[in-house]
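Overview (structure and organization)
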Amino acid sequence: MALAELERHLEQPLFDRVNNRLMINPAGELLLPHAHQVLDRCRFLESLFKGSERLYGEIKIGASDTLGNHLLPPMLAAFQQQTGHTQQQLFITNTAKVCAMLRDYELDIGFVEGRVIGEDLDIMPWFEDEMCIVSAMDFAVTDFQMLIQSQSRWLLREQGSGSREFFLANIAAQLTSWRTAFELNSTEAIINGVAAGLGLACISKYSAEHAIAQQRIKALSGLKATPRQFWLVTRKDKFQSPILTRLIDFATHWR
């Protein structure tokens, strides 16, 4: 009834009615980002009267696997300690999904490791990472230059992952013969697979360091420095509440 009243007020149908279901139409899609903006501002206005001064409101954060599991937890803990703000949600998925959720207004901010393209997104360099190649402890080859000439099996992340994108662009082209052994949707699953001897992997040093320290896997030597950039991403037309602005500033100066 509320939606029908909105359509009457705008003198424009926003949804198609199909078998008792509402399907958003092009007019509704046109209105949607403006509706999100209005709601964001309404939530901010409510916060002015709830005794939390400027740091009020929930922040929905998206992060790709490496960042969400290794960098965001300590950063958010430090942010909470400094500000007293604890209303954050963290969604961990791949880079492509984080960007899609930002575009759909399901997230306020994203921290990703893969390539980001889109004029609708603000993209800022964040941390720099370094990649390494890891194997099982009993894997005979210990040097990347030796690996280039041999046949190898690899554990890869799913489509849309920054780690997969990096491997295909920077490592695979150097290998004489390789194949995909498994495709897995989490770095921890890849580490476990490598430790079990299912194949090699190219992963972030942040992700690998604990398993290397525990001698579950080892890093191959001889790989030239392979840095990659982490990115902080927001939607350009999204209203930035004071708490979101504070988080962006904190993140850019953290560590």
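These numbers were taken from a predicted model, which means no experiment stands behind them.

This paragraph deals with the overall build of the protein. Looking only at helices and strands, the protein has 9 helices and 11 strands in total. Referenced to the eigenvectors of the C-alpha coordinate spread, the extents of the protein come out at roughly 70 × 50 × 30 Å. Of all 255 residues assigned to the protein, the portion counted as buried reaches 42%. As displayed, the protein has an accessible area near 13,900 Å², and 53% of this comes from carbon and sulfur atoms. Averaging the coordinates of the 25 positive side-chain charges in the protein and doing the same for the 29 negative ones gives two points 3 Å apart.

Here we take up helix α8 (residues 205–213). Within an α-helix, residues lying three or four positions from one another point in the same direction, as the helix has 3.6 residues per turn. Where α8 is concerned, the buried positions are Ser207, Ala208 and Ala211. The arc that holds the buried residues of α8, viewed along the axis, is 80°, so those residues lie on one side. Turned more than 90 degrees away from the buried face of α8 sit Glu209 and Ala213, all of them exposed. Looking at the buried side of α8, the elements it contacts are α3 (65–83), β6 (121–136), α7 (187–195), β9 (201–204) and β10 (217–219).

Here we take up the environment of Lys205. Mapped onto the fold, Lys205 is located in helix α8. Residue Lys205 is classed as partly exposed on the basis of its relative accessible area, which comes to 40%. Between the C-alpha atoms of Lys205 and Asp129, which are 76 residues apart in sequence, the distance is 7.4 Å.

Glancing now at the pairing of strand β1 (residues 15–18). Remember that side chains alternate between the two faces of the sheet whenever the strand is regular. In this sheet, strand β2 (residues 21–24) lies alongside β1 in antiparallel orientation, the contact comprising 4 bridges. Note on β2: the bridge partner recorded for Asp16 is Met23. Counted between consecutive antiparallel strands, the loop separating β1 from β2 contains 2 residues, among which Asn19 sits at a positive phi close to 50°.

All right, on to the UniProt feature "domain: HTH lysR-type" (unreviewed entry) in the protein then. Within the UniProt annotation, "domain: HTH lysR-type" (unreviewed entry) is assigned to residues 1–25. For residues 1–25, the helix share is 36%, the strand share is 32%, and the end-to-end C-alpha distance is 17 Å.

The nonpolar side chains of a soluble globular protein tend to be buried with one another. The biggest cluster of nonpolar side chains holds 22 residues, and the ones touching the most others in it are Leu72, Met75, Ile109, Phe111 and Trp126. Mapped by element, the contributors of at least two residues to this core are β3 (59–63), α3, β5 (109–112), β6, β11 (227–235) and α9 (242–253). Residues in contact with Met75, not counting those within four places in the same chain, are Phe111, Trp126, Leu247, Phe250, Ala251 and Trp254. Of all hydrophobic cores here, the second largest spans 16 residues; its members include Ile133, Leu175, Leu200 and Leu220.

Enumeration according to the criterion identifies 0 disulfides in this entry. Just so you know, Cys132 is unpaired, no disulfide at all, and the nearest cysteine sulfur is the one on Cys202, 7.2 Å from it. Overall, the relative accessible area of 6% leaves Cys132 in the buried class.

The next thing to look at is the pattern of salt bridges. Per the counting criterion, the structure on display carries 13 salt bridges. Its salt-bridge partner being Arg8, residue Glu5 comes within 2.9 Å of it at the nearest N-O pair. With a gap of 3 residues between them, Glu5 and Arg8 both fall in helix α1 (residues 2–10), about one helical turn apart. Residue classification places Arg8 among the exposed positions, given a relative accessible area of 55%. As a salt-bridge pair, Arg228 and Glu113 come within 3.0 Å of each other at their nearest N and O atoms. A residue pair is termed long-range when its members are at least 10 positions apart, and Arg228 in strand β11 and Glu113 in the loop between β5 and β6 qualify at 115 residues.

Relative to the assigned elements, Gln88 resides in strand β4 (residues 88–92). Here His85 takes part through its backbone oxygen, which lies 2.9 Å from a polar atom of the side chain of Gln88. Look past the residues within four positions of Gln88 in its chain and what remains in contact with it is Ile59, Ile61, Leu76, Phe79 and Gln80.

Below, the discussion takes up a nonpolar patch on the surface. On the surface, Leu3, Leu6, Leu10 and Leu22 cluster together to form a nonpolar patch covering roughly 300 Å² of accessible area. In terms of residue count, α1 provides more of the nonpolar patch than any other element does, 3 residues in total. Within the fold, Leu6 resides in helix α1.

Criteria and thresholds
- Residues numbered from 1 in each chain as written.
- Predicted model: local features only at pLDDT ≥ 70, side-chain atom pairs only at ≥ 80, totals over all residues.
- Heavy atoms only, no water.
- Helix = DSSP H or I, 4+ residues; strand = E, 2+ residues; numbered from the N terminus.
- Buried < 20%, exposed > 50% of the residue type's maximum accessible area, 1.4 Å probe, protein only.
- Areas by Shrake-Rupley, 256 points an atom, 1.4 Å probe, with all protein chains shown as cover.
- Lys, Arg positive; Asp, Glu negative; His and termini not counted.
- Charge placed at Lys NZ, Arg CZ, Asp CG, Glu CD.
- Arc of directions from axis to C-beta.
- Contact = heavy atoms within 4.5 Å.
- Pairing = 2+ DSSP bridges.
- UniProt positions renumbered as here; feature names shortened; annotations may be inferred.
- Core = buried A, V, L, I, M, F, W, Y, C linked by side-chain atoms within 4.5 Å.
- Disulfide = S-S within 2.5 Å.
- Salt bridge = Lys/Arg side-chain N within 4 Å of Asp/Glu carboxyl O.
- Polar contact = N/O pair within 3.5 Å; in protein donor to acceptor, adjacent residues only side chain to side chain.
- Patch = residues over 30% accessible without salt bridge, like charges linked within 9 Å, V, L, I, M, F, W, Y side chains within 5 Å.

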